[in-house]
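Architecture at a glance
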Amino acid sequence: MRVIAVALILVLLPGGPAAAFAVMDGDAVRAALDYGHGGADMPLAGFLLPWSVYEEKAMRIDGTAERATVYTPFLLVAADARDRALGGGTAAPADAEKVLGDYGGDVVFGVTLFGREPGFAAKVSVGLRQGRKKLKPQQVVAPVAEAVAGRPPGKGLYRAQVYVYFSQRDVDADGAATLTASAADGRRHPDVGRVAPAQ
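The following refers to the structure shown. Counting of residues starts from 1 at the beginning of each chain's written sequence and follows it residue by residue. Where totals are concerned, whole chains, interfaces and linings use all residues; where local detail is concerned, this predicted model gives features only for residues with pLDDT of at least 70, and gives and counts side-chain atom pairs only at 80 or more. Values reported for side chains reflect all heavy atoms of the structure, with hydrogen atoms and water molecules removed beforehand.

1. Considering the packing of helix α1 (residues 26-38) against helix α3 (residues 73-86)
Operational definition: Between N-to-C directions, angles span 0 to 180 degrees; the directions come from axes that are lines fitted to C-alpha atoms, helices contributing only their stretch in contact. Counting from the N terminus, the helices are DSSP H or I runs at least four residues long and the strands are E runs at least two residues long. Roughly parallel refers to an angle under 35 degrees, roughly antiparallel to one over 145, roughly perpendicular to one between 65 and 115, and oblique to any angle outside these ranges. Note on convention: near helix rotated counterclockwise from far helix by under a right angle means a left-handed crossing. Clockwise means right-handed. Any pair of residues with heavy atoms lying within 4.5 Å of one another is described as a contacting pair. Residue polarity follows a fixed list, in which Ala, Val, Leu, Ile, Met, Phe, Trp, Tyr, Cys and Pro are nonpolar, Asp, Glu, Lys and Arg are charged, and the others, Gly among them, are polar.
The interhelical angle for the contact between α1 and α3, taken along N-to-C directions, is 40°, at an axis separation of 7 Å. One element, α1, and the other, α3, form an angle in the oblique class. Between α1 and α3 lies a crossing whose hand is right-handed. Contacts between α1 and α3 involve Ala 28, Val 29, Ala 31, Ala 32, Leu 33, Tyr 35, Gly 36 and His 37 on the former and, on the latter, Phe 74, Val 77, Ala 78, Ala 81, Arg 82 and Ala 85. Partitioning the contact of α1 with α3 into residue classes produces eleven nonpolar, two polar and one charged.

2. Some points on the nonpolar core
Cut-off, in case you're wondering: Among buried residues, those of type Ala, Val, Leu, Ile, Met, Phe, Trp, Tyr and Cys that are joined through side-chain atoms within 4.5 Å constitute a nonpolar core. Burial here depends on accessible area, computed with a 1.4 Å probe over protein chains only, as a share of the maximum for the residue type. Under 20% is buried, over 50% is exposed, and the range in between is partly exposed.
In this structure, Phe 109, Leu 113, Phe 120, Val 126, Leu 128, Phe 166 and Leu 179 are the most contacted members of the largest nonpolar core, which totals 22 residues. Listed in part, the 20 residues of the second largest apolar core include Leu 48, Trp 51, Ala 78 and Val 99.

3. Describing the side chain of Glu 66
So the rule is basically this: Two N or O atoms form a polar contact when they lie within 3.5 Å of each other; inside protein one atom must be a possible hydrogen donor and the other a possible acceptor, and for residues adjacent in sequence the pair counts only when both atoms belong to side chains.
The residue Glu 66 is located in the loop between β2 (52-54) and β3 (67-71) in this model. A polar side-chain atom of Glu 66 sits 2.9 Å from the main-chain amide nitrogen of Phe 114.

4. A word on α3
Under the convention used in this document: Working rule for helices: expected span equals 1.5 Å times residues minus one.
Relative to the 20 Å expected for 14 residues at 1.5 Å per residue, α3 spans 20 Å between its end C-alpha atoms, a close match to the ideal helical length. Here α3 has its buried residues at Pro 73, Leu 75, Leu 76, Val 77, Ala 78, Ala 79, Asp 80, Ala 81 and Arg 82. Those residues of α3 hidden inside the fold are in contact with α1, α2 (44-48), β3 and α4 (93-103). Of the residues one or two after α3, Gly 88 is the one with positive phi, at around 90°.

5. Focus on the packing of α3 against α4
At a minimum axis separation of 9 Å, α3 and α4 run at an interaxial angle of 130°. Taken together, the axes of α3 and α4 are oblique relative to one another. Like other packed secondary-structure pairs, α3 and α4 cross with a definite hand, here right-handed. Residues Pro 73, Leu 76, Val 77, Asp 80 and Arg 84 of α3 form the contact with α4, whose own contacting residues are Asp 95, Ala 96, Val 99, Leu 100 and Tyr 103.

This is the structure we're talking about:
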């Protein structure tokens, strides 16, 4: 079994743990829309960086470092605006309200995992621990892993982007959390976390 842990990600969010649950007012919605529209020219990893935590013992922080991202309400709105901008459109406050309504009540994590076989993440198992409390997700979405381009022959690498949804009512906004994801490829990984996301 392989384990990747995101330690203290909620505590280390810009604005503290409550940022994962923050209610968006008009100014925050406009700021998120602006960030999303402006982020269309950025690589996705750079766009998500303020909300991401990389593997603590990663030899280097690059496109193949495993990481977890917490999708705060701000980031959900910004990501939608970025996607619309990439498609040649523009997101409006009404679009932001729809996104917030769709994800209301959820704490959403995106976990990027890497493995040597295309099916390594087919049966990913995810949990969230806060103190002695162990939470199971409401939903885990694990699309088929994609091959990472530019790898030497015989050194194939596959990336799986897994999305995990927990009920907001089950997660303590003021508590430290450890997110664990295990896949059936047999590799073990050290903790991810202990690195504060950029503000």
